[in-house]
Amino acid sequence: MANILFLNASNSSRSIHKVVLDALNPLLNQHNITYSSILDYDLPFYSEDKEREQGHPPAAKDFVELLHKQDIILLACPEHNGAPPAEFKNLYDWGTRVAAAASKSLFNQRKVIIITTSGGERGGATVANYLSTITPYHGANVVGTHSIAKFYENFVDGVPSDSAKNLLQAIANDVA
């Protein structure tokens with residue numbers, strides 16, 4: 001039984017990424033699952049000046065502590081103009097600084113599965129590629145990258161279609 005973090009990198013209260021994570025829950029319920037959202041972390045925008053003057057915010061320390069308690073991280077991230085949301089990038093930046101101060105990396109060799117979705121044809125593939133490239137530099141062992149295109153066709157009223165169920169099973173298989 002693994003400790004798995006469902007990390008929702010969306011800044012929307014109506015996140016479609018949360019819908020995907022919720023749909024994965026029954027496939028992985030034999031594990032210890034913790035859910036976290038970037039909305040849980042109130043942080044100032046990172047700068048070297050703020051870090052020098054104020055130190056590391058408690059929320060950033062809490063985030064790194066949570067990551068380091070996990071065996072596997074399912075990172076569900078939207079794409080905003082080809083990039084992760086600014087709030088997630090900010091949390092990521094603070095997290096890397098907190099981890100480095102403890103002589104560790106942000107993900108500290110945890111398995112990471114990257115999940116993106118959108119209403120469009122590519123399903124957030126650009127941000128999936130970005131995250132699968134950048135996270136290993138910060139200690140992620142990326143074991144899967146999945147982009148779910150046409151969210152609104154594949155999840156009607158939050159219920160996954162047969163096609164979406166196959167994609168969800170592929171994600172769950174990466175946990176093994």
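Further up the page is the structure itself.
Just so we're clear, the structure is a prediction, and the values are computed from it rather than from any experiment.

Further remarks concern the side chain of S15. Within the fold, S15 resides in the loop between β1 (3-8) and α1 (16-24). Classification of S15 as buried rests on a relative accessible area of 7%. Polar side-chain contacts of S15 include one of 3.1 Å to the side chain of N8. At 3.0 Å, the side chain of S15 forms a polar contact with the backbone nitrogen of H17. Setting aside chain neighbours within four positions, we find S15 in contact with N8 and S10.

Across the sheet, which stays open at both edges, the five strands sit in the order β2-β1-β3-β4-β5 with parallel pairing between neighbours. Where the open sheet ends on each side, the last strands, each with one partner, are β2 (32-37) and β5 (141-148). Sheet twist, expressed as the average angle between the axes of neighbouring strands with direction ignored, equals 15°. In the sheet, β1 pairs with β2 via six bridges, with the strands oriented parallel. Within β2, the residue paired with L5 across the bridge is T34. Seen against the sheet, α1 touches β1, β2, β3 (72-76), β4 (111-117) and β5 and runs at an angle of roughly 125° to β4.

Once that is clear, we can look at the pattern of salt bridges. As enumerated under the stated definition, the model contains six salt bridges in all. A salt bridge links D22 to K18, with the nearest nitrogen and oxygen atoms 2.9 Å apart. Linking D22 with K18, this pair stays in helix α1, spanning four residues, or about one helical turn. By relative accessible area, D22 is classed as partly exposed at 39%. By relative accessible area, K18 is classed as partly exposed at 32%. Here E121 makes a salt bridge to K150, at a shortest N to O gap of 3.4 Å. You can see E121 sitting in the loop between β4 and α5 (125-134) and its partner K150 sitting in the loop between β5 and α6 (151-154), a full 29 residues away along the chain. Judged by its relative accessible area of 63%, E121 is exposed. In this structure K150 comes out as partly exposed when scored by relative accessible area, which is 28%.

Reading the values: the criteria
- Residues numbered from 1 in each chain as written.
- Predicted model: local features only at pLDDT ≥ 70, side-chain atom pairs only at ≥ 80, totals over all residues.
- Heavy atoms only, no water.
- Helix = DSSP H or I, 4+ residues; strand = E, 2+ residues; numbered from the N terminus.
- Buried < 20%, exposed > 50% of the residue type's maximum accessible area, 1.4 Å probe, protein only.
- Polar contact = N/O pair within 3.5 Å; in protein donor to acceptor, adjacent residues only side chain to side chain.
- Contact = heavy atoms within 4.5 Å.
- Pairing = 2+ DSSP bridges.
- Axes fitted to C-alpha atoms, helices over the stretch in contact; angles between N-to-C directions.
- Salt bridge = Lys/Arg side-chain N within 4 Å of Asp/Glu carboxyl O.

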